[in-house]
Structure formats: C-alpha cells, structure tokens
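One letter stands for each residue in the lines below.
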There are 2 protein chains.
Amino acid sequence: MSVFTLTDPNIKKLVAISRELKDISSAIALLAWDQETYMSPKGALARAHQLETLSGIYHDKATAKSLGKLLDEVKGISEFDIALIREMQRDYTLATKLPRSLVQELSKESSLGLEAWKHAREQNNFSLFAPSLERMVKLKREVARCYGYVDSPYDALLDEFEQDLTKKKVEAVLYPLRDELKVLIPKLVTQTKQYDKGVLHQKFDGQKLWDFSMHVLEKIGFDLERGRQDKSAHPFTMGLTQSDVRLTTRILEDNPISTILSTVHEGGHGMYEQGVSPELDFTTLGYITSLVAHESQSRFWENMIGKSIEFWQYFFPQLQATFPEELEGETVESIWRELNVIKPSLIRVDADEVTYHMHIIVRFEIESALIEGRLAVHDIPTEWNKKIKEYLGVDVPSDSLGCLQDIHWGQGLIGYFPTYSLGSLFSAQIYESVLKDHPDLPHAIAKGEFEKPRKWLNEKIHTHGRLYTSDELAIRVTGKPLSSAAYLRYIEDKFAR
Amino acid sequence: MSVFTLTDPNIKKLVAISRELKDISSAIALLAWDQETYMSPKGALARAHQLETLSGIYHDKATAKSLGKLLDEVKGISEFDIALIREMQRDYTLATKLPRSLVQELSKESSLGLEAWKHAREQNNFSLFAPSLERMVKLKREVARCYGYVDSPYDALLDEFEQDLTKKKVEAVLYPLRDELKVLIPKLVTQTKQYDKGVLHQKFDGQKLWDFSMHVLEKIGFDLERGRQDKSAHPFTMGLTQSDVRLTTRILEDNPISTILSTVHEGGHGMYEQGVSPELDFTTLGYITSLVAHESQSRFWENMIGKSIEFWQYFFPQLQATFPEELEGETVESIWRELNVIKPSLIRVDADEVTYHMHIIVRFEIESALIEGRLAVHDIPTEWNKKIKEYLGVDVPSDSLGCLQDIHWGQGLIGYFPTYSLGSLFSAQIYESVLKDHPDLPHAIAKGEFEKPRKWLNEKIHTHGRLYTSDELAIRVTGKPLSSAAYLRYIEDKFAR
C-alpha cells in the first residue's frame, strides 16, 4: 500500500514522473560525487560535459508541458498526494523560469568551477579562480533575473535553497546575533584561553583517525549497509537515495577532533537522508530541499552531541587507547575543555560553535554584494580579509586560508551559506525539545546510547522527508518559529559550566 | 579543426547527437562501475531503477525519428564523416529494432542479475541465481527475435558484440582449434609438469601485491592521470571517456602472477580506450565496440608481453625484492617456467593461455544452447560439469568454482565469450606484425622499455577508435583475416624453448 493514491490515474502518473526525475538527479549526484572522490585527474572536462547533458535532460523532463498540464489538473486526496503536488508545483514553477541553455551552462560552469577552485587553492592564487567565479556570478545574476524578486536579486537565490528566505529575514536573525556575539566572544575567549594547551594539535596517525571516525560513525547510528564514507577535498553528503548515502571527510592529522566531528557532522546529514520513510524514497518528497532543516541535523550531532562532555565521557577512553602517547595524562575534562576553546580563527569548518557565525556573516555580506553588483570578483580577497579582521580580529595570511577555503561559490552555491547559521540555530532549538522529552539524554550519551536522539529525530523530522515546509517543521517540532534564543541559552548554559 | 566536416549543418547536428548519446552512456557506465566498486550494499534496487530510467532515456534519443531522418539525408565528406554515419546508422538500426520496454527490462534485470550472481556465488548455490538468469535468457531470446537472424537466434546476439559474427564463424575457428589443442594440451602438460613447484601459490601480502600491480600498470604505460584502478569481484575495464578509464582488479593472495597479469590484461584494454584520437572522443567513433579488437589488446599485453621471459627479466628482480622470503632461491627462468605451466584447471581467468580456449568453448556451447532453447537454465550445472570434464578432464567440486565463476550471463552478456578466444587469436596475429616491424622487441621488453609496442598499437589500432570495422582492421594491421595460425605458431615457438 502506497501512501499516495495510486488508484487515481493522475496521481499515479505524477508519482512515475517524480520517480523518473529522482532517478536522473541521482545519476547527476553520482557524477558529482565521483568528481570529488575518484574521478581521474584529467576527467574534469568530460565530466562537465556529461553533467551539462544530464542537467539538460533533467530540465526537459522537469519543464515538460505535459507535466504542467498534469499539475493543473491533478487533485490530491491523501496528505501525501497534496504535499507531492505542492512540492512538484514549486519545482516546476522554478524550473520553467530558467531557459535550458542557462541550466546547462550553470551545470558545466559548476563542474569546471570546482576544478578551477581546487587548482587555485593548491596554488594559493585567487586569480586562477577569478575568471570562473566571474562567469558564475554572471550566471547566478541571470538566474535571479529569471526567477524574479522584489527587493534584491540575492533573495531569488536564497529562495532556491530555502523556500521564502530573504536577505531581510537573514539580517533580522543574524545581525542581532552578531551584536550579541560581539560581546560574548571576547568574554568566552578570555574564559577558555587557559584550556588551549595544544594537545589536540600534535600529529596523529591518519589511518587511525580514519578508523576511529568510522567507528564513531557506526556507533552514532549511520547505517553502513545503506551508505559509505570516502575522502574528498571538502567534506559533503550526497544522498543518491535513502539506501545509498555518500559521506565524505578529510583527515586532518593535526586536528583529530575536527576530523572526528566532521564525520559526525556529515553523519547527521546522512542519517537524515537515510531516515526518510521508504514510502517517499524515489519521489520528490524523499528529496530534502530545506537546507536549514538539513543543517540542523548535522549541527545537532556535531555540536549538541559531539561537543558535549557526555559524548567524550564515552569516546575519550577509546581515543586515549588509540593514541596513548599523544593523549598521555589527559582526562575527559581536559580534552572536553580544550575542544570547546572559543578562539577566532581562519577556517570556517574548524571554527568553534560560537565564532562560526561570524564566518557566515562575512560570506553572506560578500556574496550578497556580488549578486547585487556592489562588489567585483577581483575585489573579493581584499574585502574578505578586511571583514575577517573586522568580525574576528584575525589577519588572513593567504587566500587559501581566506577566500579560497570554501568550495561553494565555484559550484554556484551562492545564497547557501546563511542556511548554515540558521541551521545551527535550529539545531539548538531542536535540542531543547529533545531534552524536554528525554531529560536523561546526557546520561544516555555518556553510556554510548545514541538511539534516543536518533529515534526522536527520525520520528519527528527524518521520516517526513519534504512533507512539511521548514517553517511548518519548526512549529511542529519545537512549537515555535526559528530564532536564536535557544542557541544563546545553549551557549550560556554550556559555558557557565 | 575537427576531423568532421562541421561546416556541413547535417554533420554538425550528427556530431552533437553523437556527443549527447556518448554523455548518457558515460553516465550509465559510471552507474555500472560504481555498482561493482563503491555502491552501498543495499543500494542495488535503486541502482537498477536508475539504470532502467537512463537506458530508457538513451533509447529514446538513440531511436528518435529525427535522427533516422538525419541519417537518411546526411552525406559524409571526410573519411571520418562517412565512418560516423556508418556506425551511427548501425547503432540506430539495432536500437530501433528493440522496444523501449525491453531495453529497460534488460537494463534493470542486468543490474539485479549482478547482485543475484554475487549472492549465489558467495553462497555457492546456483539455484539462488537461476530465476534471474531464466528471466535474462528469456529477455535475450526476445532481443534475438527483435533483431532477426537467419540460422540461429544466437547469431543475433553475437552480432551485437561483434558485427557480423555468427555461430558458424565461431565454430569454423574454434572447432579446428579445439582439435589441435586436444593433441597439444596433453603434450604440453607432460612437458611443463616438472616446473609446477607451487612457489607461486604460497601466501603473498595483499597490499604489496596491489602496490606491485600499480607499479607494473604505470610502467607499461597506462596513464594514471586519465584513469585509475580499483577493486571489484570480477576485473573489468570501463572507459567513461578517453580521459577517464576505470580498471578494476582483484587481489589473489595465493596467486601473485594472476593478480599482476590481471592488471596487465585490463591495462591493455585501458590503453586502447585511452589511445583513441582526442578528435574522436565524445563521439560514436570514440567508443570501441569490437570486442575482438578490444580483447586482442588485453591479451597482447597479458600473454605476448606479460608471459614472456623478457617481461620477467625486467620485473622478477623487483618482485623478488618485494617478496624476498617467498621467492628465495628462485630465478627468472624458474619463475617464467612455473607461470607458463600448462595445466587444465577450473577457473577461466586464471587459466594458462592454452587451456583457456577450452573454457571458452564450454561457455559458447552452453550459452548457444540456452538461446536456441536446447538447454534449460536449471540444467546448467550438470551440463557445465560434464563439459569441463570432457574438455579439460577436471572434476568441478562446486558451482562457485564452476558455472557461477563468471559475471557475464547475469548481466546479459550472452554471445560475448567467443570474442575472448577470437581476441586471443588476433593478439598473436598482431604480435607477429609488431615483431616484423620491431625484431628487437624482446630485447626492449627485457630492459623495461614498453614504448615500442605501445606506440605501434596506438598508431595502427588505438587512435582509429571505431573508424574501421574489425574485419578491415585485421587486414590493415596484419595483412590478413583473423585465423588461429599465428596463435598456433606462437605457442609452438614458445614451448619449443
């Protein structure tokens, strides 16, 4: 028995189309995953062409007149039918606004942009990346023009990653947060500086770190029969289907905690993908598009769980047994305090959970200025370094440690970064709700029992896929709209300790 | 400047269509490669569905009425135009004979068949594979009916893998060869038995074998910037494009020579794929469809080069340095003699180059009987064991070592095995031609210089892609049609030593 009303011929047709679209997008996802994991070094040009062709085919199917007609005529019966129609209508509306040639150019440029970025980062030379990024910014401005917008072309790009998100909404959340953090950060820096002993920045064996990450991943509940982990330049999660979810990580031999928690972070994304109801797999509703919801899951596991003292009460003895020499004389308490040191730094993905938001605000301001035509691509390094100094008080010594650190812009992911902060805030809000239902959660974590949070998240969030919009989801799951309140309470409680 | 006459709008259109088809088939190839290398264990059902969808899309494009019309109207100017039209016409004619639903069923069944085969082989239980194979045989009989044939439905399947090949032609080559081998094998068995000392069947370290294989692969000239090697249950080569060629191998810790020569074999396929002229890449002419030609390249490297004493004059000292304990007291001569022992055995891919053909004849007779309806799937194990006894004098102790050893049938590769023997014969014929141009070839090999044969093969064969049919190719390259004469001379010379 399907959750969809397959006895209705129109619903049946819609589900079949949805499934075909999902199959094509899974193939595209595999091509993209492979490009970042196993593709031959010189395979990039051919890959760009393959992606261009497949994205053109996807576009043809996603904008077919017959689909538009079907969407006009079909009437949903079950809750699932109605959600399917709603989401397919949104996808159809967005897709039909873009000409095929633009979609293909974007796809090709995104694939080539990845290679240009890799190359520029290796060479520590932004100018090797700039021409590609200039083309991408131009294409994304064209996308915004096609989608249409009221206040800013940047709004149109935000909406693609998170429905109804606007620059004003982002500012309404992030700027007050920024002002709070401006006061909080110096306080926490002073408070935690004493614990920064450099224990966690010795050299650790890469293979052992990989094995430990795999162990943690399995322990928190990522299903390795329905997914895997590989290595890539920048960690990411790609859910081909709920039965084949690909995580990647990178091994930092001088940063074991970042290495392990990066796996925990992607594991949080991965468990979301794996947790969608099998009934929805292969359909539009099985494909989670809210990046805020997605990031709430990765951050929940990385921060609320992975940076808690209870998590390390369970894992530290094992880590110490793996690295007896490096961790000699350390305790759960000392390690937990060191890994929670608040310290402005250069690299976003290694940042602590407080200064992290400043990294996002820098990116948000730069990318919105690029799209609004207030900033030229070649001025990015100067602007970046200025803002990092302003928000974090840190000097940027090179582009690789500055504006070349992230993979996103070259791939066309502009309007994406704000969802990282919003997702982090959402994760704290969710955490309050989980704690309300399971006051003994920390106790369970300390014993290595991760079923409780996993089951809670699965039932309240994962299983529904794209059934609810993320605004609806916030209300359903936490009883209130997204704000930074829970996050600030979480930070205050944690550092009061 | 393209080798195609792009100033002609029809040729330009044809090249664009050819390129789109190649992109889709590259994506399909990646999905298939991934299924055998990195796919999550439970991802098979979704993968089958993705392949079904993509093969349907490919079929739609490959059979589009507009393509048929274009092929009717287009006139080629350059030699390349004419070959492109000829090959696209052949593909179009074949594709339009099959209904879309059959193509999709085949694709799905082939993907599921792979999993059923893996499972059955692990469990050593043919009956777990039989239902899938029964469906596949039924589908392939239907394919033969759609293609049409004069004498046998099996002819229609042979033709798909090797243009114009028929059962009669296979028999005309393989049966006289079989009769020669019936006399030759017992003689060579007696002659070489003394060298079978078991040195090469001790336990060797798997990681060291992998590293050594990679070293050999690079040394013979496979370009690791435009290709890679991974592990799979059954070694294969998948050329996505000429800049991204995927080899796989399997590490047999009790058989270092088979492990290394399996890499050399796939490397031969891989260098063919990499060697196609860049002008032809992304088009139908860049996609080598003659399996006889393909196998001639892998066998050339595996047998003529890899089993020559000169090859081991170069590599044995390195192998001995890698495994000093296992190979203590051995010499180039002793190892070369042992690896060339002729001995009837159970596993085709580990068979020596003489008894090998008997393995193929067994498969040829069984698969043609299946397609002609003279043999039922559930009778395969009995028939297999009977024939292996008849042709090789060996008792088959289990299905895993018998009729479950090969991946092919479950994937729908029926009518494929004969090309292995024909390709082996062709490789010997090619070797005679190379020797004529380079009488000092053995001397170069002994010094680890592999450029001469690689360059010769590249210029005479690889670079042309699908420009010539394989019958034309045999004449152009060796001056005569394919026969077993050169092979028999090669074996006689070798074992006279």
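Thresholds applied
- The written sequence of each chain sets the order in which its residues are numbered from 1.
- Here the convention is simple: chains get letters from A, ligands get numbers from 1, in the order in which they are written.
- Local features in this predicted model are restricted to residues of pLDDT 70 or higher, and side-chain atom pairs are both shown and tallied only at a pLDDT of 80 or more, whereas totals for entire chains, interfaces and linings draw on every residue.
- Just so you know, side-chain values use all the structure's heavy atoms and leave hydrogens and water out.
- Here the nonpolar core consists of buried residues drawn from Ala, Val, Leu, Ile, Met, Phe, Trp, Tyr and Cys, with membership extended through side-chain atoms lying within 4.5 Å.
- Working definition: with a 1.4 Å probe on protein chains only, accessible area under 20% of the residue-type maximum means buried, over 50% means exposed, and in between means partly exposed.
- Under the DSSP-based scheme used, a helix requires at least four consecutive residues in state H or I and a strand at least two consecutive residues in state E, with every element numbered from the N terminus.
- In what follows, a contact means two residues having at least one pair of non-hydrogen atoms within 4.5 Å.
- To superpose the copies, least squares is applied to the C-alpha atoms of every residue with a pLDDT of at least 70 in both.
- Think of a salt bridge as a Lys or Arg side-chain nitrogen and an Asp or Glu carboxyl oxygen that are within 4 Å of each other.
- Once two parts are put together, the accessible area they lose, assessed with a 1.4 Å probe and summed over both, is termed the buried area.
- A 3.5 Å cut-off defines polar contacts: any pair of N or O atoms within that distance qualifies, except that in protein one atom must be a possible hydrogen donor and the other a possible acceptor, and neighbouring residues in sequence count only when both atoms are side-chain atoms.
- By this definition, two strands are paired if DSSP reports at least two bridges between them.

Draft legend 1. Spatial organisation of the nonpolar core. Among the nonpolar cores identified, the biggest contains 144 residues, and Phe311, Trp312 and Ile380 of chain B are the most heavily contacted of them. Here this core gets 10 residues from one element, more than from any other, and that element is helix H14 (residues 356-371) of chain B. Not counting residues within four places of it along the chain, the set of residues in contact with phenylalanine 311 of chain B comprises Val216, Ile220, Leu261, Val264, Ile305, Gly306, Ile445 and Phe450 of chain B. Membership of the second largest hydrophobic core comes to 143 residues, among which are Phe126, Leu133, Ile288 and Cys403 of chain A.

Draft legend 2. Quick look at the relation of the copies chain B and chain A. Mapping chain B onto chain A leaves a residual RMSD of 0.0 Å; the transformation is a rotation of 180 degrees accompanied by 0.0 Å of translation along its axis. This pairing of chains is accounted for by a two-fold axis. For chain B, the smallest separation between a C-alpha atom and the rotation axis is recorded for alanine 27 of chain B, amounting to 3.5 Å.

Draft legend 3. Quick peek at the pattern of salt bridges. Tallying each qualifying case throughout the model produces 80 salt bridges over all chains. Glutamate 87 of chain B is paired through a salt bridge with arginine 86 of chain B; the nearest N and O atoms lie 2.8 Å apart. Arginine 299 of chain B is the salt-bridge partner of glutamate 295 of chain B, the closest N and O atoms lying 2.9 Å from each other. Separated by 4 residues within a single helix, glutamate 295 of chain B and arginine 299 of chain B lie in helix H11 (residues 291-305), roughly one turn from each other. In the salt-bridge network here, residues are joined through shared partners; they are Arg178, Asp179, Glu365, Glu383, Lys386 and Lys387 of chain A.

Draft legend 4. Structural view of the interface of chain B and chain A. On the side of chain A, 38 residues touch chain B, which itself brings 38 residues to the contact. Summed over both partners, the interface of chain B with chain A comes to about 3,000 Å²; 59% of that surface belongs to carbon and sulfur atoms. Run the count over chain B and chain A and you get 4 salt bridges. Summed over the shared surface of chain B and chain A, the number is 16 residue pairs in polar contact (both at pLDDT 80 or more). Contributing elements (two or more residues each) for the side of chain B that touches chain A: helix H1 (9-37), helix H2 (44-62), strand E1 (227-231), strand E2 (237-241) and strand E3 (244-249) of chain B. If you tally residues by element for the side of chain B that touches chain A, the top one is H1 of chain B, at 10 residues.

Draft legend 5. Fine view of the pairing of E3 of chain B. Residues and elements named next belong to chain B. The element E3 is largely enclosed, with a buried count of 6 among its 6 residues. The alternating pattern of E3 places Asp244, Arg246 and Thr248 on one face and Val245, Leu247 and Thr249 on the opposite face, and all of these are buried. The pairing of E1 with E3 spans 5 bridges and is parallel. Paired with arginine 228 across the two strands is arginine 246, which belongs to E3. With 4 bridges connecting them, E2 and E3 associate as antiparallel partners. Its bridge partner lying in E3, threonine 237 is registered against leucine 247. The loop that links E2 with its antiparallel partner E3 comprises 2 residues.

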